[in-house]
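# A closer look at the structure
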Amino acid sequence: MNSLGIYISVPFCRAKCTYCNFASGVSSVKAHEQYVARVGEEIRSLRQRLGGAAIPELVDSIYLGGGTPSVLSPALVGELAHTLRQEFALSPGAEITLECAPGQLDDPALQAMLAFGVNRISFGVQSLVDREAAATGRFHTREVVLRDLERVRSAGLRRLSIDLIAGMPHQTAASWQESLAVLAGTGVEHASIYMLEIDEDSRLGRELLAGGSRYHAQTVPSEELTADLYESAVTALEAHGLHQYEISNFARGGSESRHNLKYWRRQPYLGFGLDAHSMVHAGSGAALRFSTTDVLAEYLRGDQVKNVRQLGPGEELEEAWFLGLRLRAGVAWQALAAEFGSDQVENFLPLVRELRQLELLTDDEGVVRLTRRGLLFSNDVFARFLEVGEQELQMQ
Ligand code: SF4
């Protein structure tokens with residue numbers, strides 16, 4: 001059986017970034033305490049709540065995300081670690097990642113995280129050009145980022161990652177190259193590149209949709225330029241030895257995020273805390289997905305798990321396509337046929353043929369992958385796979 005991944009959501013931040021569309025915010029220390037107590041209850045009651053589901057015994061990845069988990073006091077970090085150790089067996093060499101905002105990991109917090117077992121840090125940098133970071137409400141400068149990398153390296157941490165966002169206010173092709181060059185110069189072994197999401201769930205997104213100029217919205221690059229920035233990042237990072245292994249993720253060989261790979265490989269993981277998602281297998285072997293509420297007051301009241309859904313084979317096949325295609329390793333026809341049966345898998349042949357003609361997919365030596373163009377239009381490609389899956393389900 002696969003090992004388990006655990007995600008803990010810590011939805012607290014020092015301030016809300018203008019582009020942020022996550023369920024996170026600024027809260028009191030009292031709320032932090034209530035929250036960690038609630039997460040503890042959620043973890044302890046898990047086996048009883050999930051009944052006959054198959055939960056792997058051994059945990060080989062933990063991801064502390066959010067939010068900014070380092071805003072928790074060392075005592076609360078210790079409480080979380082204690083609860084996890086009581087309920088799960090951690091495999092030797094497990095990957096334990098902390099998501100961290102630069103400048104917000106003071107020495108006591110770093111020590112608490114090391115005691116927790118953190119051996120990998122993912123820094124949410126977003127831009128290494130100070131004006132761009134400041135325009136979105138980030139507190140750090142490039143100097144702070146470089147200093148933090150030094151500090152955590154001195155503390156023995158080697159597995160480091162930097163996130164950047166293409167499409168930040170004031171960003172230009174030249175300033176983007178500057179961010180990428182500084183990132184490459186840090187020697188980190190992993191990077192994530194996202195394109196700015198423009199939606200109703202962030203202040204900047206709403207302003208952009210309304211055509212306004214608050215939050216430096218008028219300086220946000222066009223969608224076309226943002227797509228060019230993303231493409232240039234793929235080329236630049238590859239040239240620096242950070243190979244693309246997923247649409248948004250790049251790593252030196254062997255430094256891929258073990259935890260995040262579980263999401264795309266459909267391996268079991270449990271999420272605890274606000275707006276956390278889980279996937280384990282029911283006793284029958286079918287995938288069981290569920291999530292928690294994204295409303296903090298509801299979560300603190302104990303209204304935890306919702307949207308429990310057991311997937312049918314057709315839905316699992318759809319997921320195998322659109323999650324697998326996110327990976328540059330692609331989707332192998334033979335592996336799909338072994339899992340779902342040739343007849344089911346062949347229903348997707350006409351679509352793959354059509355998307356190949358549109359130069360969105362390749363299909364070489366039995367493996368289907370997104371092309372460089374397909375990477376940019378991946379959501380449209382995935383929607384087409386869902387359409388075929390739904391047609392098949394209706395015909396059954
Ligand atoms: S630090 Fe991260 S989670 Fe917190 S507001 Fe900024 S982007 Fe959102």
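See the structure above.
One structure accompanies this document, and this report is about it.

Cut-offs used in this document
- Residues numbered from 1 in each chain as written.
- Predicted model: local features only at pLDDT ≥ 70, side-chain atom pairs only at ≥ 80, totals over all residues.
- Heavy atoms only, no water.
- Salt bridge = Lys/Arg side-chain N within 4 Å of Asp/Glu carboxyl O.
- Helix = DSSP H or I, 4+ residues; strand = E, 2+ residues; numbered from the N terminus.
- Buried < 20%, exposed > 50% of the residue type's maximum accessible area, 1.4 Å probe, protein only.
- Polar contact = N/O pair within 3.5 Å; in protein donor to acceptor, adjacent residues only side chain to side chain.
- Phe/Tyr/Trp six-rings, centres within 6.5 Å; stacked < 30°, edge-to-face > 60°.
- Near = heavy atom within 4 Å.
- Nonpolar A, V, L, I, M, F, W, Y, C, P; charged D, E, K, R; others polar.
- Pairing = 2+ DSSP bridges.
- Arc of directions from axis to C-beta.
- Contact = heavy atoms within 4.5 Å.
- Axes fitted to C-alpha atoms, helices over the stretch in contact; angles between N-to-C directions.

For the structure on display, the rule yields 16 salt bridges. Notably, a salt bridge pairs Arg384 with Glu387, separated by 3.4 Å at the nearest N-O pair. A residue pair is termed a helical-turn pair when its members lie 3 or 4 positions apart in one helix, as Arg384 and Glu387 do in helix H17 (residues 378-395) at three residues. The partly exposed category is assigned to Glu387, whose relative accessible area is 40%. Among the ionic contacts, a cluster of salt bridges with common partners joins Glu95, Arg159 and Glu189.

Let us look at the environment of Tyr63. Turning to its location among the elements, Tyr63 is positioned in strand E2 (residues 58-66). Put simply, Tyr63 and His259 are 196 residues apart on the chain and 7.0 Å apart in space, counted from C-alpha to C-alpha. Within polar-contact distance, the side chain of Tyr63 engages the side chain of Glu99 at 3.2 Å.

Both the distance between ring centres and the angle between the ring planes are used here to describe each pair of aromatic rings. Applying the stated criterion across every chain, the model contains 11 aromatic pairs. Centroid distance Tyr263 to Tyr269: 4.6 Å. Interplanar angle 80 degrees. Geometry classified as edge-to-face. Taking the relative accessible area as the measure of exposure, Tyr269 reaches 7% and is therefore buried. Three or more aromatic residues joined by ring pairs make a cluster, and in this case those are Trp321, Trp333, Phe348 and Phe385.

Neighbouring the ligand are the residues Cys13, Ala15, Lys16, Cys17, Tyr19, Cys20, Phe22, Ser24, Gly67, Thr68 and Arg138. Partitioning the shell around the ligand into residue classes produces six nonpolar, three polar and two charged.

A word on unusual backbone geometry. Residues Gly66 and Gly67 are joined by a peptide bond in cis, for which omega reads 15 degrees. Here Gly67 shows up in the loop between E2 and helix H3 (74-87). Located in the positive-phi region is Tyr215, a residue other than glycine, with phi close to 60 degrees. With respect to the helices, strands and loops of the structure, Tyr215 is situated in the loop between helix H8 (203-210) and helix H9 (223-239). You will see that His216, though not glycine, has its phi angle at about 65 degrees, which is positive. Relative to the elements of secondary structure, His216 occurs in the loop between H8 and H9. Residue His216 is classed as partly exposed on the basis of its relative accessible area, which comes to 34%.

Among the seven residues that make up strand E4 (residues 120-126), seven are buried, leaving the element largely enclosed by the rest of the structure. Here E4 shows two buried faces, one formed by Arg120, Ser122, Gly124 and Gln126 and the other by Ile121, Phe123 and Val125. Note that strand E3 (residues 89-100) and E4 share four bridges and pair parallel. Opposite Thr97, over in E4, you have Arg120 as the bridge partner. Sheet analysis places E4 next to strand E5 (residues 159-166), joined by six bridges and oriented parallel. Following the sheet pairing, Gln126 is matched in E5 by Leu164.

Given 3.6 residues to a turn, an α-helix orients residues that are three or four positions apart in the same direction. Those residues of helix H13 (residues 333-340) that fall on the buried side of the exposure criterion are Trp333, Leu336 and Phe340. For H13, the buried positions fall inside an angular range of 65 degrees around the axis, keeping them on one side. Among the exposed residues of H13, those oriented more than 90 degrees off its buried face are Gln334 and Ala338. Elements that come into contact with the buried residues of H13 comprise helix H12 (313-324), strand E13 (331-332), helix H14 (342-346), helix H15 (349-357), strand E14 (361-364) and strand E15 (367-370).

All right, on to the sheet that holds E15 then. Judged by pairing direction, the sheet is antiparallel, and its three strands sit side by side in the order E13-E15-E14 without closing on themselves. Each having just a single partner strand, E13 and E14 make up the two edges of the open sheet. Strand direction decides the pairing type here: E14 and E15, joined by four bridges, are antiparallel. Bridged to Asp364 within E15 is Val367. Together, E14 and E15 form the strand contacts of H15, whose direction differs from that of E14 by roughly 115 degrees.

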